[in-house]
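# Architecture and fold: a report
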Amino acid sequence: MRARVIALFVVVTAGVTVVALWSGDADLATSAGRAGAAPDPNGPASDERAPSRHRLDPAAEPAPRRSGDPNDPAQREAWMRAWFEILVDPDSDYFRAKEAVAGLRKFGTDALPYLARALDQRDTRGMALLAIAEYGPDASSVADHLAVCLEDPTWRDIAASTLVSIGSAGVPVLLRGLEDQSPALRAAALHALQRVDDPPAGAVSTLVSVLDDPVTDLRIDVFRVLGRWHTEPEVCVPLLTAALTDVDSNVVLVAAQSLSRYEGRGAAAIDAATRLLRSSDQDVQRSAVNALGSMGEPARAAVPELLHLVRTDPKAWGARVAGSVFSMSGEEFAAALRNGSADTRLAFVKLIVRMRPPAEELDLRIREVIGTLLTDENEPVRLASLDAVRIGAVAEESAISLVIAATDSDDLAVRARAVQVLGNIGRGRADVVDALIRCAEGADGGSASSAIKSLGSHGAAAAPAVALLMREIEPGGPRALDSLDTLRSIGPAAHDAVSAIAPLLDSVDARVPLHAALALVHVAPPAPEAHDVLAEFSRHEGDDVRWTLYRGLLGATSHREIVLVGLEDRIGRVRVASIHALVRMPDPGTLADELARMLSDEHVQVQMAAAHALGKMGSAAASAIPLLEEATKDKSRLVCVTATEALLRIRAD
């Protein structure tokens, strides 16, 4: 019965537990399905342990009592033995057994022998294995015991990964697994060995013995492991070279990749992968392209063959081949960009956009070619090239004039994309701002909207556009919201727009007042007349608008009258902001009675803010002591604590 409960629980918590095990988060792994706190060997003596709320059997025996000296080896052994007996007891339910594992883990590596013994029982094998996995290299002493878990299909993969995490002590166990009669066990061992970087002596000979395995996939895994290790070339190189003529193209490709890891042997591997580019099987061709790409610069000789593949079917191969050519040679990549078909050029530019490389990391020839593609005859190529400029794949100085020229293109899509790009480059440049203003005034509505948005990214440098934006924010204008947002980005340099923004606070369009309020707050500070506008509309019916304006008003001025008005506002966050502003004012103690009255506010946040402010005033807030004492009995614990702290401050002052 317990085995079924364990299996069900493992399915539910596998995501949490396994991720935690392999990420090294022991706390997360042990907390998945935790049944309660295990006894602490370093805790106080004779501490009664509260029963777990998850325990299925309320009549279960209590956990081992913590009595005696935790540093006494005999006592520690007795505790571990007690936990072990609970773990292997067939009458223990799942949560009780889980509790026992947690108890054993408290003893560190001393508990490993007991956890290893628990591997022998199917009911406790999974729990013990997951616990051992948390030790990593510290579990090397019990590596041999994990062999039994490799034979268990349920726990085979986790056992193999645990052996890898143990390190050198776990590799021999995996190598012995290669000699097992079970193909599944051999496959799991090979898969795990692909993550081993430092094989022990003699490991290659054991690995090579699997090459006679009739299961082709296992041979492929062997070649992958040989490439990962790239040791003992006198043994491995002849085997890998012979595999280049194998009838299975997948074997050839993996052997070629592995052979390229051995110094001086890359030419044979590249020749084999290049031959497979001519295969009639597209899956084989695709694998060959990937293999050559993984070899990088040494595979440069294969570039002509790769480009030939693109020319035969650019739509099918352009993007796939581009990555391989890019990793091999900047010169050939630039040539393909310049002289390839439209589909080839498009595929190669899109690859650069996906990789998002900084201009300084790109070959100079590639950057120069992308610049010329801004005027390419093919529209998709021009659009992709503009995207490459936007992400910084082309030096900004050399691209700005070309992008500005593209804003005059007859192609609406190119013009709109160029306008968007000018929002990312040339920040603060007058020629860029002028080009955007020209586009915003144009008849093309799509480009005009994009231009207004792009102007916002230039901040105060876009001030020459204020007059245009003031015309655009007329009530009902199609670009009013974008124009308000751009004015907000321009900030104080757009203070002339205050009179045009204010009427929009009463717009019937529910979206406009908040955008107008945000813009007004950001452009107002240098304009004294804006304070009156803020104060006038700070009683706005919309809560978000009201809050935005009042916050801007507090930032623009510190008049006591404004703060007192805010204390009476119906919006709780306005009252909180007013309390904070009051404390920052000169001689705030004269308003202690006003603050004390806020202790009975309907909002907890307001009560807490008032209590905290009174505490900061010190003895100047002595008149508020009776109300603070009453607040210490409030139904909100947060208010009680804040009021108590305020009283302590006032009385200590």
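Residues numbered from 1 in each chain as written. Predicted model: local features only at pLDDT ≥ 70, side-chain atom pairs only at ≥ 80, totals over all residues. Heavy atoms only, no water.

### Comments concerning the overall build of the protein chain
Along the backbone of the protein chain there are 38 helices and zero strands. In the protein chain, which comprises 653 residues, the share counted as buried stands at 51%. In the protein chain, once contacts between residues fewer than 6 apart in sequence are set aside, the share between residues at least 24 apart is 61%. (Helix = DSSP H or I, 4+ residues; strand = E, 2+ residues; numbered from the N terminus. Buried < 20%, exposed > 50% of the residue type's maximum accessible area, 1.4 Å probe, protein only. Contact = heavy atoms within 4.5 Å.)

### A word on the environment of V433
Summarising the element assignment, V433 is placed in helix α25 (residues 430–440). Among the residues examined, V433 registers a relative accessible area of 2% and is labelled buried. Placed 18 residues apart in sequence, V433 and A451 show a C-alpha to C-alpha distance of 9.3 Å. When residues no more than four places from it in sequence are discounted, the contact partners of V433 are L455, H458, A461 and A462.

### Some points on the pattern of salt bridges
The full count for this structure, using the stated rule, is 28 salt bridges. As a salt-bridge pair, E331 and R300 come within 3.2 Å of each other at their nearest N and O atoms. Taken as a pair, E331 in helix α19 (residues 330–339) and R300 in the loop between α16 (282–295) and α17 (303–312) lie far apart in primary sequence, 31 residues in all. Taking relative accessible area as the criterion, R300 reaches 33% and is therefore assigned partly exposed. With a closest N to O distance of 3.9 Å, R471 and E441 form a salt bridge. (Salt bridge = Lys/Arg side-chain N within 4 Å of Asp/Glu carboxyl O.)

### Things to note about helix α24 (residues 412–421)
Listing the buried residues of α24 in full gives V414, R415, A416, A418, V419 and V421. Where α24 begins, the capping side chain belongs to D411, and its oxygen is found 2.9 Å from the backbone nitrogen of A413. (Polar contact = N/O pair within 3.5 Å; in protein donor to acceptor, adjacent residues only side chain to side chain.)

### Topic: the nonpolar core
Among the nonpolar cores identified, the biggest contains 172 residues, and L193, L292, L337 and I501 are the most heavily contacted of them. Every residue in contact with L292, bar those within four places of it in the chain, is listed here: I270, A273, T274, L277, A299, A302, L306 and M328. (Core = buried A, V, L, I, M, F, W, Y, C linked by side-chain atoms within 4.5 Å.)

### Structural notes on the side chain of T486
With respect to the element layout, T486 can be found in helix α28 (residues 480–490). A polar side-chain atom of T486 sits 2.7 Å from the main-chain carbonyl oxygen of I452. In this view, T486 contacts I452, K453, L455, G456 and L469; residues no more than four positions away in its chain are not counted.

### Looking at helix α8 (residues 156–166)
Among the eleven residues in α8, eight count as buried, and that is most of the element. Positive phi shows up at G167, right after α8, with a value of about 105°.

### A look at the packing of aromatic side chains
The tally for this structure, following the rule as stated, stands at five aromatic pairs. Measuring from ring centre to ring centre gives 6.2 Å for W79 and F107, while their planes differ by 45°; the resulting arrangement is tilted. Of this pair, W79 sits in helix α3 (residues 73–88) while F107 sits in the loop between α4 (94–105) and α5 (112–118), placing them 28 residues apart in sequence. Its relative accessible area of 4% is what places F107 among the buried residues. Consider the rings of F333 and F348, whose centres lie 4.7 Å apart with planes at 25°: the pair is stacked. Here F333, found in helix α19, pairs with F348, found in helix α20 (residues 342–355); they are 15 residues apart in sequence, far enough to count as distant. Assessed through its relative accessible area of 0%, F348 is described here as buried. Connected via pairs of aromatic rings, a cluster forms that spans F326, F333 and F348. Its end group placed over the ring of Y135, R105 keeps NZ or CZ at 4.4 Å from the ring centre. (Phe/Tyr/Trp six-rings, centres within 6.5 Å; stacked < 30°, edge-to-face > 60°. Lys NZ or Arg CZ within 6 Å of the ring centre and 35° of its normal.)

### Some remarks on the environment of P200
Its location among the elements puts P200 in the loop between α10 (183–193) and α11 (203–208). Counting along the chain gives 28 residues from P200 to P172, while the straight-line C-alpha distance between them is 7.9 Å. Excluding its chain neighbours within four sequence positions, the residues that come into contact with P200 are V171 and L175.

### What about the confidence of the model for the protein chain?
On average, residues of the protein chain score 81 in pLDDT, and 85% of them are at 70 or above. A low-confidence stretch, residues 1–62 (pLDDT under 50), is modelled with 92 contacts involving residues beyond four sequence positions or located in other chains. (pLDDT = per-residue confidence, 0-100.)

### Some words on unusual backbone geometry
Residues other than glycine seldom take positive phi values, yet H230 does so here, at roughly 35°. Summarising the element assignment, H230 is placed in the loop between α12 (216–229) and α13 (233–243). For H230, a relative accessible area of 35% translates into the label partly exposed. One non-glycine residue with positive phi stands out, namely R356, at about 50°. Along the chain, R356 turns up in the loop between α20 and α21 (364–372). Under the relative-accessibility criterion, R356 is labelled exposed at 52%.

### A closer look at the environment of V498
Relative to the helices and strands, V498 is located in helix α29 (residues 498–501). The exposure class of V498 is buried, given its relative accessible area of 3%. The sequence separation of V498 and A516 amounts to 18 residues, and the corresponding C-alpha distance is 9.7 Å.

### With respect to the packing of α20 against helix α22 (residues 379–390)
Where α20 contacts α22, the two axes come as close as 9 Å, and the packing angle between them is 20°. It follows that α20 is roughly parallel to α22 by the angle criterion. Classified by chirality, the crossing of α22 by α20 is left-handed. Every residue of α22 that contacts α20 at A342, R345, L346, V349, K350 and V353 is listed here: P380, V381, A384, S385, D387 and A388. Looking at the contact of α20 with α22, its residues break down into eight nonpolar, one polar and three charged. (Axes fitted to C-alpha atoms, helices over the stretch in contact; angles between N-to-C directions. Parallel < 35°, antiparallel > 145°, perpendicular 65-115°, else oblique. Left-handed = near helix turned anticlockwise from the far one by under 90°. Nonpolar A, V, L, I, M, F, W, Y, C, P; charged D, E, K, R; others polar.)

### Describing the side chain of R186
Within the secondary structure, R186 sits in helix α10. Classification of R186 by relative accessible area gives buried; the value is 10%. When residues no more than four places from it in sequence are discounted, the contact partners of R186 are G177, L178, D180, Q181, D213 and L218.

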